[in-house]
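Structure assessment
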2 protein chains.
Amino acid sequence: MHAKTTIMASPNFTKNCMWLNGKEESFGGNARLLSCLKEIQKRAQEDGTSKEILKWNIHVCSENNFPTAAGLASSAAGYACFVYALAKLYKVKGDVSQIARQGSGSACRSLEGGFVRWHMGNASNGSDSLATQVVPASHWPEMHVIILVVNDKKKKVSSTSGMQRSVETSELLKHRVAHCVPQRIAAIEKAIHNRDFPTFAEITMKDSNQFHAVALDTYPPAVYMNDVSHAIVDLIHCFNQVKGCTKVAYTFDAGPNACLYLLESAVAETMALVDYFFPSNNSGNTVQGLPVPPCNAKETVQAIEAVGMQKQDDGLLKYVIHTRIGEGAKELTDSGTHLLSASGLPLRLA
Amino acid sequence: MHAKTTIMASPNFTKNCMWLNGKEESFGGNARLLSCLKEIQKRAQEDGTSKEILKWNIHVCSENNFPTAAGLASSAAGYACFVYALAKLYKVKGDVSQIARQGSGSACRSLEGGFVRWHMGNASNGSDSLATQVVPASHWPEMHVIILVVNDKKKKVSSTSGMQRSVETSELLKHRVAHCVPQRIAAIEKAIHNRDFPTFAEITMKDSNQFHAVALDTYPPAVYMNDVSHAIVDLIHCFNQVKGCTKVAYTFDAGPNACLYLLESAVAETMALVDYFFPSNNSGNTVQGLPVPPCNAKETVQAIEAVGMQKQDDGLLKYVIHTRIGEGAKELTDSGTHLLSASGLPLRLA
């Protein structure tokens, strides 16, 4: 899963322009985009970039290969990519994750590859709240990810406004931040270093539940998961229970879609269970990304039905993404991969 | 809303029998029923009740006028009524709420009328965890209750097992118990004494949300509310927002049904909004209990739609109950109200 961005600067451009997934968006009216641009240009000046190019307007063309504003961190990936590309354009050196945070708080997590840790920091302006790599993706290549995209409208609560309201109104959030998160961060880092999947999985599930608990403790409540999300949670707990060991972990960001972490060895059976319990057109779901081998999961299906899980209505999932832990931001040097034409217009429109 | 119970003791009964809503239930296999019976008989002996009657088997016939095991505290009401009726039969004196708790923890709340406070207590065996009346129902006669019974199967998680798992696994529960609940109890008692509806309503909503947050922080999570419940929450927040003051509060027990608290003056408009946003057969819902006056809520509907609330699918609610704060346990002395015949058999079967 990735965001891909091409940025061009030219003395011929009469204004800054931005196309997101083939649709033109307002640049001048977007305070976050402008803030990132201004910060990067400031750093470029300090680094001695030619003053000329900094005066030119830019054209930005960006595409995600996954849905926008659905709780899949599309804005985090997008801002990380935007800031990384700007840094390349202006030849800015050093870490730019703090600038990416001006666009979307969690964008600082999307620059490094592999498993990253987002540090809370101490500064009141958030300047030391940065992400660092725990291990590269190559440390645990068996770790796979299956994303179940739930058939749902655009989320009602934007994650930024929901989090802000949680900070202001949730009494449980204070306890979570002070007493639960630090212990869990230390324990999950250790589990990642040791490639200890059961521990990694349990912390992941408990922390996802607690994040959504705090969202619900917000006033008025912020509700991101829906009945389909909770049915997915039930399926994963039933699967782990009948197997007698932890095969799969779930986590939900600010939306109803499930992100499942699992080892490569569990992918085929998990996908067979998803297709049985969450059928699409009474059959399997469309899978994007890595291929999934076929699997006969009949015995596991029966064991799961015996502990009370029922086959759900048809068509609750939109599609499924099968992927691995990403490699982080990367410059694409082959001009065949650019999204803008030589004159600065998108090669593909929506 | 009430549970109604008739108990008969006779030397002719060959065993203890129990009918709940017209259906015979196992008595000998129900440890909670047996425990309540044993405790009351022990107290009766201490109080000098004739040894003869304590040897006789009993027939119990009980009916609720609201659904069982749907998160509407049916077992609390049932056990409170059972223990109260037994105490009358055996002429036991004094408070029996501690015995009712052997059946269902929250049954101690259902004996006194009006607004009651359930005290946490300090004893490790829970013997001082009792409920006392804050004010009788007559203190705030304008307070009404509308219960929206959601079209749903029997709840998956029994409230007793869910709470137990929360105590064992939720880290947020500890903080809630130590830091949030005591303050809220004091504040809501004061609001009840002052008949301060906005304060009463805000604490009620926040505490309902926090209870369900803690349930979600349980591992595996306990989920009682569903998409319909959350849509009801949205409607109430939208209604209060467009009115510019708090007209209605919601609270959810261990199930998807909403319990709305509101003053009598807001009943008609609230019911009109419920019928518009949660239609049944494209029209109004069936209302049990007190009648609801008609109301033209067109302007409020438009204002609520303008802030983003949408009309929901048809048939999400099963029916609606309109009631007031109850008067507490009461002995019915008119023999025409008994549920058992002179020979000890139910007068009405399911």
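Details of the structure are given in the entry above.
Here the structure is a predicted model, which is why all the values come from computation and not from measurement.

Focus: the overall build of chain A
On a plain count of helices and strands, chain A comes out with 10 helices and 11 strands. For a compact globule of 350 residues, the expected C-alpha radius of gyration is about 20 Å, and chain A comes in at 21 Å, within 12% of that figure. In terms of its C-alpha atoms, chain A occupies a principal-axis envelope of roughly 70 × 45 × 40 Å. Across the 350 residues that make up chain A, the buried fraction comes to 49%. Just so you have it, chain A exposes about 16700 Å², and 50% of that area is on carbon and sulfur atoms. In chain A, which carries 34 positive and 32 negative side-chain charges, the distance between the mean positions of the two groups comes to 5 Å.

Focus: the relation of the copies chain B and chain A
You can overlay chain B on chain A at an RMSD of 0.1 Å; the transform is a turn of 180° with a shift of 0.0 Å along its axis. The two molecules are tied by a two-fold rotation axis, judged by turn and shift. Minimal C-alpha separation from the rotation axis in chain B is found for Ala213 of chain B, amounting to 2.0 Å. Looking at the interface residues of chain B, 97% of them are also at the interface in chain A, so both copies use one shared face.

Some remarks on the interface of chain B and chain A
Contacts between the two partners involve 30 residues from chain B, matched on the other side by 30 residues from chain A. Around 2600 Å² of area is buried between chain B and chain A when both sides are counted, 61% of it from carbon and sulfur atoms. A per-residue breakdown of the area chain B buries against chain A is headed by Leu172, Leu216 and Tyr219 of chain B, which together make up 24% of the total. Joining chain B to chain A, the criterion identifies two salt bridges. One salt bridge in this structure joins Arg184 of chain B and Glu171 of chain A, with 3.8 Å as the shortest N-O distance. Run the count over chain B and chain A and you get six residue pairs in polar contact (both at pLDDT 80 or more). Of all elements in the fold, only α6 (171-193), α7 (197-216) and α8 (227-243) of chain B reach the threshold of two or more residues within the side of chain B that touches chain A. The element best represented in the side of chain B that touches chain A is α7 of chain B, accounting for nine residues.

Some remarks on the packing of aromatic side chains
Applying the stated criterion across every chain yields a total of 16 aromatic pairs over all chains. Measuring from centroid to centroid gives 6.1 Å for Phe115 of chain B and Phe200 of chain B, while their planes differ by 90°, and the two rings are edge-to-face. Pair noted here: Phe115 of chain B is in strand β5 (residues 115-118) and Phe200 of chain B is in helix α7, with a separation of 85 residues, a long-range link. Pair check on accessibility: Phe115 of chain B and Phe200 of chain B agree, each one buried. Here the aromatic cluster, defined as three or more aromatic residues joined through ring pairs, consists of Phe115, Trp140, Phe197, Phe200 and Tyr261 of chain A. Positioned over the ring face of Tyr276 of chain A is Lys311 of chain A, at 4.7 Å from the centre of the ring.

Concerning the side chain of Thr6 of chain B
Residue and element names in this part refer to chain B. Inspection of the secondary structure puts Thr6 in strand β1 (residues 3-10). Engagement of the side chain of Thr6 in a polar contact is seen with the backbone nitrogen of Leu339, the distance being 2.9 Å. With residues up to four places along the chain from it excluded, the contact list for Thr6 reads His59, Val60, Cys61, His338, Leu339 and Leu340.

Some details on a negative patch on the surface
A grouping of Asp152 and Asp227 of chain A together with Asp152 and Asp227 of chain B is seen on the molecular surface, where their side chains present a negatively charged patch. With respect to the secondary-structure elements, Asp227 of chain A resides in helix α8 (residues 227-243). The partly exposed category is assigned to Asp227 of chain A, whose relative accessible area is 32%.

A look at the sheet that holds strand β8 (residues 248-252) of chain A
Residues and elements named next belong to chain A. Ordered by their spatial adjacency, five strands build an open sheet running β8-β9-β7-β11-β10, and the pairing between neighbours is mixed. The open sheet has two edge strands, β8 and β10 (287-289), and neither has a second partner. Taken pair by pair, the neighbouring strands of this sheet meet at an average axis angle of 25°, ignoring direction. Here strand β7 (residues 143-150) runs beside strand β11 (residues 317-324); their pairing, made up of seven bridges, is antiparallel. Bridging across to β11, Ile146 finds its partner in His322. In this fold α8 packs onto β7, β8, β9 (258-263) and β11, with an angle of close to 160° to the strand it touches most, β8. Strand contacts of helix α9 (residues 267-277): β7, β8, β9, β10 and β11, with the helix running at about 10° to β7, the strand carrying the most contacts.

Describing the sheet that holds strand β2 (residues 17-20) of chain A
Residues and elements named next belong to chain A. Pairing is mixed across the open sheet formed by four strands, whose spatial order is β1-β4-β2-β3. Each edge of the open sheet is held by one strand with a lone partner, namely β1 (3-10) and β3 (23-25). Geometrically, the sheet is characterised by an average inter-axis angle of 20° between neighbouring strands, direction not taken into account. Here eight bridges tie β1 to strand β4 (residues 57-64), and the two strands are oriented antiparallel to one another. The partner of Ile7 across the bridge, within β4, is Val60. Docked against the sheet, helix α3 (residues 74-89) engages β1 and β4, running at close to 35° with respect to β1.

What about the environment of Ala254 of chain A?
Residue and element names in this part refer to chain A. Topologically, Ala254 is positioned in the loop between β8 and β9. The class for Ala254 is buried, based on a relative accessible area of 1%. Separated by 92 residues in the primary sequence, Ala254 and Gly162 place their C-alpha atoms 8.7 Å from one another.

Quick word on the state of the cysteines
Applying the stated rule across the entire model yields zero disulfides over all chains. Cys36 of chain A supplies the cysteine sulfur nearest to Cys108 of chain A, a cysteine that is in no disulfide, at a spacing of 12 Å. Its relative accessible area of 1% is what places Cys108 of chain A among the buried residues. Free cysteine: Cys295 of chain B, not disulfide-bonded; nearest cysteine sulfur from Cys245 of chain B at 15 Å. A relative accessible area of 34% places Cys295 of chain B in the partly exposed class.

A short note on the packing of helix α7 (residues 197-216) of chain A against α7 of chain B
Contact geometry for α7 of chain A and α7 of chain B: axes closest at 8 Å, N-to-C directions at 175°. Taken together, the axes of α7 of chain A and α7 of chain B lie roughly antiparallel to each other. For the pair α7 of chain A and α7 of chain B, contact is made by Asn209, His212, Ala213 and Leu216 of chain A and by Asn209, His212, Ala213 and Leu216 of chain B, respectively. Looking at the contact of α7 of chain A with α7 of chain B residue by residue, the class counts come to four nonpolar, four polar and no charged.

Regarding the pairing of strand β7 (residues 143-150) of chain B
All names here are of chain B. β7 sits mainly inside the fold: eight of its eight residues count as buried. Covered by surrounding structure in β7 are Met143, Val145, Ile147 and Val149 together with His144, Ile146, Leu148 and Val150, the residues of both alternating faces. Relative to strand β9 (residues 258-263), β7 runs antiparallel, the two sharing six bridges. Paired with Ile146 across the strands is Leu260, a residue of β9.

Examining the pairing of β4 of chain A
Residue and element names in this part refer to chain A. Among the eight residues that make up β4, seven are buried, leaving the element largely enclosed by the rest of the structure. Summarising the sheet, β2 and β4 pair through four bridges and their orientation is parallel. Its bridge partner being in β4, Cys17 is matched across the sheet by His59.

Conventions we followed
- Residues numbered from 1 in each chain as written.
- Chains lettered and ligands numbered in written order.
- Predicted model: local features only at pLDDT ≥ 70, side-chain atom pairs only at ≥ 80, totals over all residues.
- Heavy atoms only, no water.
- Helix = DSSP H or I, 4+ residues; strand = E, 2+ residues; numbered from the N terminus.
- Rg over C-alpha atoms; globule rule 2.2 N^0.38 Å.
- Buried < 20%, exposed > 50% of the residue type's maximum accessible area, 1.4 Å probe, protein only.
- Areas by Shrake-Rupley, 256 points an atom, 1.4 Å probe, with all protein chains shown as cover.
- Lys, Arg positive; Asp, Glu negative; His and termini not counted.
- Charge placed at Lys NZ, Arg CZ, Asp CG, Glu CD.
- Least-squares fit on C-alpha atoms with pLDDT ≥ 70 in both.
- Contact = heavy atoms within 4.5 Å.
- Buried area = accessible area lost by both parts, 1.4 Å probe.
- Salt bridge = Lys/Arg side-chain N within 4 Å of Asp/Glu carboxyl O.
- Polar contact = N/O pair within 3.5 Å; in protein donor to acceptor, adjacent residues only side chain to side chain.
- Phe/Tyr/Trp six-rings, centres within 6.5 Å; stacked < 30°, edge-to-face > 60°.
- Lys NZ or Arg CZ within 6 Å of the ring centre and 35° of its normal.
- Patch = residues over 30% accessible without salt bridge, like charges linked within 9 Å, V, L, I, M, F, W, Y side chains within 5 Å.
- Pairing = 2+ DSSP bridges.
- Axes fitted to C-alpha atoms, helices over the stretch in contact; angles between N-to-C directions.
- Disulfide = S-S within 2.5 Å.
- Parallel < 35°, antiparallel > 145°, perpendicular 65-115°, else oblique.
- Nonpolar A, V, L, I, M, F, W, Y, C, P; charged D, E, K, R; others polar.

Purely geometric numbers; function is a separate question.
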